[in-house]
Structure formats: structure tokens, C-alpha cells
Amino acid sequence: VEPDGMAAVTKLKTGKKIPSFLTHECLPHMELFFDTFPDLLMINIQRHPVDIAHSWFVRRWGERFGTDPLAFIPVIQGKRIPVPWFADSWIDEYEAMPTVERVIKSICYLADLDKKAYESTYRKDQILLVSYENLFSDPETVISQIGKFLTSDPFPNMNDVFKREGCPRDLPLKERKRKFTELSKLTNSKTVVNELVTSGIEYEKKWGIESFLY
């Protein structure tokens, strides 16, 4: 119930508390998690690349890694700036890119890492992939899938949670189109824009989501 931001970080440090926070980018490293916790069950919520890229851009994730204490992603020291771990094979490119291009390429690169990691693992029965969009449009079905995966029943107040979150509801397609147009206008790199288009189309085909291109 307290304010977010540096005040929370300061209180955690002075109180020697251990924070509980959402994990991100875990799928590429899942073998490490499974080796540490063999019975681990992983729920991986995926979201449309255009929406994530726009969110990252608005939140300035293309420039906060390694300098902002609220950015928890491990970094590598580049030649000029800290670089997030997932850009280790394209450090020079990352450093030379404008912020918007860093964000777009990062999202597409991470989506590809997720795909390769999931396709190569033999632990698929311990991983449940969930679509963010489906969670909003058909929450009862998705929560039922999660319940079966965890062999647990949803709490009796789940319908109240749906109501509080305004579900079920579809996420406006026109908003995704607007975000894509905004990102496209901010970069002169056709290569980066094409990567976002390719990643978006692949995501839509996987989850049966209407295309943002038409």
C-alpha cells in the first residue's frame, strides 16, 4: 500500500528486507531453474511483441539498464555503456542504436530466445505457456488451464477478481496499430521494423490473434 519507486528501494535496504517481485526473461534460462528446483512448475505469460516494445519504449528500458537501481536485469559492461545480458552477442550494435531500435530488437530477440528454449527442452510438461490476450478475453478458460496445470482449484472469489480487472474484455486492436505506427515513425531502420512485423505475425499465428497489419 506504500508508494512505488526509490522510497521503496531505500526502505528495503534499510530494513534488510528481501523483496518479492515478478520474474522476467526466465524461459531462456529455465534449465538452470529446473536443475536447482527439479519439481518446479513454470507459467510463462506471453504478450504481443508490439505491445511489449511500446511499453518498454515508454518506460525507457532502452537506456535504464545498468544505471537505474530499479532495473534488475543483469548487465555486461560494453565499450561505452552497460548492456543487458541478452545483447551479449550484439553489443556493438546495441550501443550504436537509438533507444527505440534497442527496444524493438531486444523484444524480438528475447521472443526468439524463448521460442528456441521451449522447443529444445524435454520439460515441456512442467511449463505452461499462456497468452496475455487470451487471459483478458477468456479468463475463465485460462484460469481453468492454470488450475489443472497446478492441480489446484481457483479461489472462490475469482469471479470478483475478473470483475475488478474488467474481464472478460478484448484488448483494442486499434491501440496495437497505433503503437506500431508510433514506433515505426521513430526509427529509420527498415530492418528493425521488419523484425517487429515478423515477430508480431508469428505471435498472432501461434495464438490465433487478429493481425495488427490490416
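Residues numbered from 1 in each chain as written. Predicted model: local features only at pLDDT ≥ 70, side-chain atom pairs only at ≥ 80, totals over all residues. Heavy atoms only, no water.

**Student:** Describe the overall build of the protein chain, naming the residues involved and giving the relevant values.
**Tutor:** Per the secondary structure count, the protein chain includes eleven helices and four strands. Whereas a compact globule of 214 residues would reach a radius of gyration of roughly 17 Å, the protein chain reaches 19 Å, a difference of no more than 12%. Taken over the C-alpha atoms alone, the protein chain extends approximately 50 × 50 × 40 Å along its principal axes. Of the roughly 13600 Å² of accessible surface on the protein chain, 56% is carried by carbon and sulfur atoms. Of the charged side chains in the protein chain, 29 are positive and 31 negative; the average position of the first set lies 5 Å away from that of the second. (Helix = DSSP H or I, 4+ residues; strand = E, 2+ residues; numbered from the N terminus. Rg over C-alpha atoms; globule rule 2.2 N^0.38 Å. Areas by Shrake-Rupley, 256 points an atom, 1.4 Å probe, with all protein chains shown as cover. Lys, Arg positive; Asp, Glu negative; His and termini not counted. Charge placed at Lys NZ, Arg CZ, Asp CG, Glu CD.)

**Student:** I'd like to hear about the packing of aromatic side chains, residue by residue, with values.
**Tutor:** A complete count under the given rule lists nine aromatic pairs for this structure. Measuring from centroid to centroid gives 5.6 Å for Trp-85 and Phe-86, while their planes differ by 85 degrees, and the two rings are edge-to-face. Judged by its relative accessible area of 1%, Phe-86 is buried. Of the aromatic side chains, those joined through ring pairs into one cluster are Trp-56, Trp-61, Phe-65, Trp-85 and Phe-86. Taking NZ or CZ as reference, Arg-47 lies 4.3 Å from the ring centre of Tyr-132, over its face. Directly above the ring of Tyr-118 sits Lys-124, whose terminal nitrogen or CZ lies 5.4 Å from the centroid. (Phe/Tyr/Trp six-rings, centres within 6.5 Å; stacked < 30°, edge-to-face > 60°. Buried < 20%, exposed > 50% of the residue type's maximum accessible area, 1.4 Å probe, protein only. Lys NZ or Arg CZ within 6 Å of the ring centre and 35° of its normal.)

**Student:** Go over a nonpolar patch on the surface with me, naming the residues and quoting the values.
**Tutor:** There is a patch of nonpolar side chains on the surface, built from Leu-41, Ile-43, Ile-45 and Leu-150 and spanning about 310 Å² of accessible area. Residue placement: Leu-41 occurs in the loop between helix H2 (30–36) and strand E1 (42–46). (Patch = residues over 30% accessible without salt bridge, like charges linked within 9 Å, V, L, I, M, F, W, Y side chains within 5 Å. Salt bridge = Lys/Arg side-chain N within 4 Å of Asp/Glu carboxyl O.)

**Student:** Explain the pairing of strand E4 (residues 127–131) residue by residue, including any values.
**Tutor:** Across the five residues that make up E4, a large majority, five, are buried. Alternating positions in E4 separate into two faces, Ile-127, Leu-129 and Ser-131 on one and Leu-128 and Val-130 on the other, with burial throughout. Direction of pairing for E1 relative to E4: parallel, over a ladder of five bridges. Across the sheet, residue Met-42 finds its bridge partner in E4, namely Ile-127. (Pairing = 2+ DSSP bridges.)

**Student:** Let's hear about the environment of Trp-61: which residues, and what values?
**Tutor:** Mapping Trp-61 onto the fold places it in helix H4 (residues 61–64). Excluding residues that lie within four positions of it along the chain, Trp-61 makes contacts with Trp-56, Leu-70, Ala-71 and Tyr-94. (Contact = heavy atoms within 4.5 Å.)

**Student:** Residues and numbers for the side chain of Gln-126, please.
**Tutor:** Structurally, the position occupied by Gln-126 is in the loop between helix H6 (99–120) and E4. In this structure Gln-126 touches Phe-34, Pro-38, Asp-39, Leu-40, Leu-41, Met-42 and Phe-149, once residues within four positions along its chain are discounted.

**Student:** Requested: an account of the nonpolar core, with residues and values cited.
**Tutor:** Core analysis: the largest hydrophobic core is formed by 29 residues, its most contacted members being Ala-53, Trp-56, Phe-65, Phe-86, Ile-104, Phe-180 and Leu-196. Counting only elements with at least two residues in this core, the list comes to helix H3 (49–58), helix H5 (91–96), H6, helix H10 (173–185) and helix H11 (190–207). A per-element tally of this core places H6 first, with six residues. Excluding its chain neighbours within four sequence positions, the residues that come into contact with Ala-53 are Val-103, Ile-104, Ile-107, Leu-183 and Leu-196. (Core = buried A, V, L, I, M, F, W, Y, C linked by side-chain atoms within 4.5 Å.)

**Student:** Run through H3, naming residues and quoting values.
**Tutor:** Working note: α-helix, 3.6 residues per turn, so residues spaced by three or four point in the same direction. For H3, the set of buried residues is Pro-49, Val-50, Asp-51, Ala-53, His-54 and Trp-56. Taken together, the buried residues of H3 touch H4, H6, helix H7 (132–137), H10 and H11. Just past H3, the residue Arg-60 takes up positive phi, approximately 60 degrees.

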